[in-house]
Amino acid sequence: MINKMEEEEVIERGKRVVMYGRYQRDLSEAAREEARRLRRLRKKRRRDDKLRQKELAATGKPRPRGKFFKVLGYIWRHTFARLGEDWIFLAVLGIITAILNFAMDRGIAICNNARMWMYNDLATSTFSQYVAWVSLPVCLILFAAGFVHIVAAQSIGSGIPEMKTILRGVHLKEYLTFRALISKLIGLTATLGSGLPLGKEGPSVHIASMVATLLSKLVTTFQGIYSNESRNSEMLAAACAVGVASCFAAPVGGVLFSIEVTTTYFAVRNYWRGFFAACCGAIMFRLLSVWSGAMPTIKPLFPTNLPQDFPFDPQEFAVFVLLGVVCGLLASLWIWLHRQYVLFMRNTKTLSNFLQKNRFIYPGFITLAVMSILFPPGIGKYMAAVLGNQEQVLSLFANFTWSDELTAEQASIVSHWRTPEVEYWGCLIIFFFSIFFLSMVSCTLPVPAGIFVPAFKMGASLGRFTGEVMHYFCPLGVAYGGHIQKILPGGYAVVGAAAFTGAVTHTVSTIVIVSEMTGQVTHLLGIMAAVLAANAVAALLGPSCFDSIILIKKLPYLPDLLSSASRMYDICVEDFMVREVKYIWNRMTFQQLKDLLKENKAIKSFPLVDSPASMVLLGSIHRWELVRVIERQVGRSRRLQVAAQWHRRALQDEARARTRRPSRFEVTPAPDMLHAPGTGMTRGSSLTTKDQGGLLPSPGQLFRPKSILKKTNSFTLTRGLASPPPQATTPSPASSPAQVYSTVTGAETRIRAAFEAIFRRSTLLQDVEGGLSDQLTPGLPRSPSINKKVQLPRERVCDMSPEDQKAWEQLEMAKEIDFDRMLGIARKRDLLPEDSEYEDETLYICHIDPAPFQLVERTSLLKVHSLFSTLGVSRAYVTAIGRLIGVVALKELRKAIEDVNSGVLTVATRPSPPTTPLPTIIKVPSTQPAPPSDSETAKLTTSEKT
């Protein structure tokens, strides 16, 4: 009996399927599939947007404007900004740089003390002492080399050559970042803690510059004034002074040194910035030493006790000048040998490739060799290797003669410079040449390091040797005016240190730096004479150490012109400019602009001309602005806006189609009336026309009509995601996919109502369970299949289909760009900022520079060099009567100067300009008489006088 009933049920179910069809999928499954499809489509659109940004090489990001930055900006504007933005910024810069330098000094001291503790206390034999002496430095150098290479390779070296290039107007990628700052701090601490003959002045300048850049970026997030390129250059110039001041506690000398080293033409308005920041840094640096207990009070870094009443005889000026000349010769030799050594290592392909593949072999081997030479029981005993840098300099500046009778304290100082085999004469010579060659080799290691301190030590040893020689030949001093004063070798050491350092760096500010470091001004005139002589000799023989590194690294820095070259006036800018200019023009299409940006990713700014035929220069536009123009035209926000408009139009057309008169071939759908409360209807009952009119909903309320000729009883659903253009959405009674067929069954009615509630909602879609109560007919019960809580995407926007998006983008990219209209609206907004009625509010106003830097074609090379150096210009357009004919950048100018200095580019060898046809002159007949010529005017004047 049961089997018979099951067979009848199966047959009845099959009949119902044949008659009415069957819903194949559950509602939750359909909703999940739809959500997955939308998620895939959304990810694809994001990838497309990122790909477009990457193709156009868009640079620059909008500033974060969150609540934190808004609050920070409010606090800044009502507190520090009232006191003075620059004052607070510079003070913070100096304090932070001083703290970082003091922390590095403490770390360096810990490493040196650990090395000496291992050498003196831990080791018991000579071999164990040697292992203890070289093991820690090798480990520190290997750690510094690996850490710097992994974190930021831009922190290798001194930093001053790169800062000269940056202040020149050239952007070096990732050189002033937070990663480079961390790499420089840790790498420099490990390098100087190893005990190698290296310094920290150049890295300190780089560290201060990175701190200034990071502070500028931080302040820019809530105060836009520091995003100005000119303001950043001013702050970097002040940061260079802070680096030297916080390193040696010499604010005045730091400002002058930064001016000499980093800039060719210095703006006087930046002097007070650098001096104020340097004073803050120097004061904080010395206060930290006092607060930490390292010093009892504030005093110079290398204090001396030279006599004040009679420091030296006037005849010693000749010796000071001679010492300066020798320092200039030896400094030039050091620079030349260093450059030749680096070039040899680089040009030897086999060695260079081997060292590049094995990055730790070279620094490990050089450190092992240098520390083996400095091993105290070995050669190091002749050069006071057990003393640190400060102790060595203080002993060389000692205010007594090493050959006289010494006290116990003085004898302890001289004992480091005297051995049973070699007297102090030989020790000073060995010390000078050891530091001379070891520092030259150590500077080539791939770690952060400077050269100021080794040069200072070399000059001090050379000056001390000269003073001891003078005391040997004149033990009682040089007689002058009946007064005899003993010669003080410590004064000669101070003079030699300033002269050698000035010769290496080609600066005269070392006069002030040495005076501030020693706290003495008694030998100021002698120091000036020696430094000037050393600079004259060194400048005659070759470039400075920083310029030499610029040449080795091939940084984009302008070389100096030869003053005696008269051909500088004969070579013009048209002889070396680039004639193939990449430009944009008015009324070009978006697709042409996109292709231009993709083909020229290295160009940061493009000139704007009137038309390709006239080539009249109208201005220049930055690359990021052009990218924003394209993004505003075909970006996501514009696409969603257009898609929403299409969707609204489609809904309006659909609503109008529902309200029209039904066709006589259409069947009006009805809800499930079986077991409806209050109707008294049962299955098998029929509805009269009157009942139909009172119970059936109006057309368009829940269902849509469908032609009776349709045989299938499955239905489709219009989601409204990819609406076609308005002209393609006109409905037709027989072919519109939005018209579906519905039978009088409660299940289909509930399923249809559920889909209508899900996919006909607003842009923010809530849960299905909470969103169906208002959409379903109040008299109809829910189906158990839709009582499940299905979580759909919370945010749903109306977007185009991929096919519609592609077609729409092609149409939009084919449109023309009206730069004149943008410029007109921008001028109108500038003149009337309160007027809100403009031609087009949705048009992106591109920032156009109406007056880019221009040169005429006959501008001489000397004038171009002066303009680029003075103004910090990195690019200039060359025009002829307003027409764009070329462009010149730092690269072309640098090559032209090098060619002219070497004699490659002369008047005879310069390229001939291309012949361009003269513009056609159209004479317009005038009805007015022509003005009189000069001769006729002179005749009339003479006749009137007579």
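Definitions and cut-offs
Residues numbered from 1 in each chain as written. Predicted model: local features only at pLDDT ≥ 70, side-chain atom pairs only at ≥ 80, totals over all residues. Heavy atoms only, no water. Helix = DSSP H or I, 4+ residues; strand = E, 2+ residues; numbered from the N terminus. Buried < 20%, exposed > 50% of the residue type's maximum accessible area, 1.4 Å probe, protein only. Contact = heavy atoms within 4.5 Å. Areas by Shrake-Rupley, 256 points an atom, 1.4 Å probe, with all protein chains shown as cover. Disulfide = S-S within 2.5 Å. Pairing = 2+ DSSP bridges. Axes fitted to C-alpha atoms, helices over the stretch in contact; angles between N-to-C directions. Expected span 1.5 Å × (residues − 1). Parallel < 35°, antiparallel > 145°, perpendicular 65-115°, else oblique. Left-handed = near helix turned anticlockwise from the far one by under 90°. Nonpolar A, V, L, I, M, F, W, Y, C, P; charged D, E, K, R; others polar. pLDDT = per-residue confidence, 0-100. Salt bridge = Lys/Arg side-chain N within 4 Å of Asp/Glu carboxyl O.

S.K.: So what exactly am I meant to see when it comes to the overall build of the protein here?
M.R.: For the protein, the helix and strand inventory stands at 34 helices and 9 strands. Residues classed as buried in the protein amount to 47% of the 946 residues present. Taking the contacts inside the protein whose residues are at least 6 apart along the sequence as the reference set, 76% of them involve residues at least 24 apart. Carbon and sulfur atoms make up 60% of the accessible area of the protein, which totals about 49400 Å².

S.K.: For this particular structure, what's the right way to read the state of the cysteines?
M.R.: What makes a disulfide is a covalent bond joining the sulfur atoms belonging to two cysteines. In the structure shown here, the tally under the stated rule is 0 disulfides. The thiol sulfur of Cys545 is not disulfide-bonded, and the nearest other cysteine sulfur, from Cys443, lies at 8.5 Å. Residue classification places Cys545 among the buried positions, given a relative accessible area of 6%.

S.K.: Help me understand the sheet that holds strand E6 (residues 848-849) in this model?
M.R.: Within a sheet, neighbouring strands are paired by backbone hydrogen bonds and run either parallel or antiparallel to one another. Read across the sheet, 4 strands follow the order E3-E4-E5-E6 without closing on themselves; strand pairing throughout is mixed. Strands at the two margins of the open sheet, each flanked by one partner only, are strand E3 (584-585) and E6. Bridging between strand E5 (residues 617-622) and E6 involves 2 bridges; their strand directions are antiparallel. Opposite Ile621, over in E6, you have Ile848 as the bridge partner. Its contacts with the sheet place helix H25 (residues 623-634) against E3, strand E4 (605-609) and E5, and it is angled at close to 80 degrees to E5.

S.K.: What's the story with helix H33 (residues 890-902) in this structure? I'm lost.
M.R.: In an α-helix, one full turn covers 3.6 residues, which means residues spaced three or four apart are oriented alike. Under the 1.5 Å per step criterion, the end-to-end length of H33 is 18 Å for 13 residues, consistent within 8% with the ideal 18 Å. For H33, the complete set of buried residues consists of Leu890, Leu893, Arg894, Ala896, Ile897, Asp899 and Val900. Looking at the buried side of H33, the elements it contacts are helix H32 (861-871) and strand E9 (883-889). Just downstream of H33, Gly903 is the residue with a positive phi angle, here 85 degrees.

S.K.: What should I look at first to understand the packing of helix H16 (residues 389-396) against helix H19 (residues 452-473) in this one?
M.R.: Each packed pair of helices is defined by two parameters, the angle between the axes and the distance between the axes. Here H16 crosses H19 at 25 degrees, and the two axes come no closer than 10 Å. It follows that H16 is roughly parallel to H19 by the angle criterion. Two packed elements cross with a definite hand, and for H16 against H19 that hand is left-handed. The segment H16 lies against H19, with Asn389, Gln392, Val393, Ser395 and Leu396 engaging Val453, Phe456, Lys457, Ala460, Ser461 and Arg464. Taken together, the residues of the contact of H16 with H19 break down into 5 nonpolar, 4 polar and 2 charged.

S.K.: I would appreciate a short explanation of the environment of Val887 in the present structure.
M.R.: Mapped onto the elements, Val887 comes out in strand E9. Val887 sits in the buried class, given a relative accessible area of 15%. Residues in contact with Val887, not counting those within four places in the same chain, are Met577, Val578, Val581, Arg875, Ala876, Tyr877 and Val878.

S.K.: Would you take a moment to explain the confidence of the model for the protein for this structure?
M.R.: The predicted coordinates should not be examined in detail at positions where pLDDT is low. Chain-level pLDDT for the protein is 75 on average; 70% of the residues reach the 70-or-more range. Throughout residues 670-748 the model reports pLDDT below 50, and contacts reaching past four residues in sequence, or to other chains, amount to 119 contacts. Below pLDDT 50 for its whole length, residues 761-795 participates in 59 contacts with residues either more than four positions away or in separate chains.

S.K.: What is the right way to look at the pattern of salt bridges in this model?
M.R.: Side chains that differ in charge, positive against negative, can pair when their charged atoms come close. Applying the stated rule across the entire model yields 13 salt bridges. A salt bridge links Arg638 to Glu812; its shortest N-O distance comes to 3.7 Å. A residue pair is termed long-range when its members are at least 10 positions apart, and Arg638 in helix H26 (residues 636-658) and Glu812 in helix H30 (residues 802-813) qualify at 174 residues. With a closest N to O distance of 3.1 Å, Lys815 and Glu812 form a salt bridge. Connected through salt bridges with shared partners, the residues Arg587, Glu816 and Asp818 form a single ionic network.

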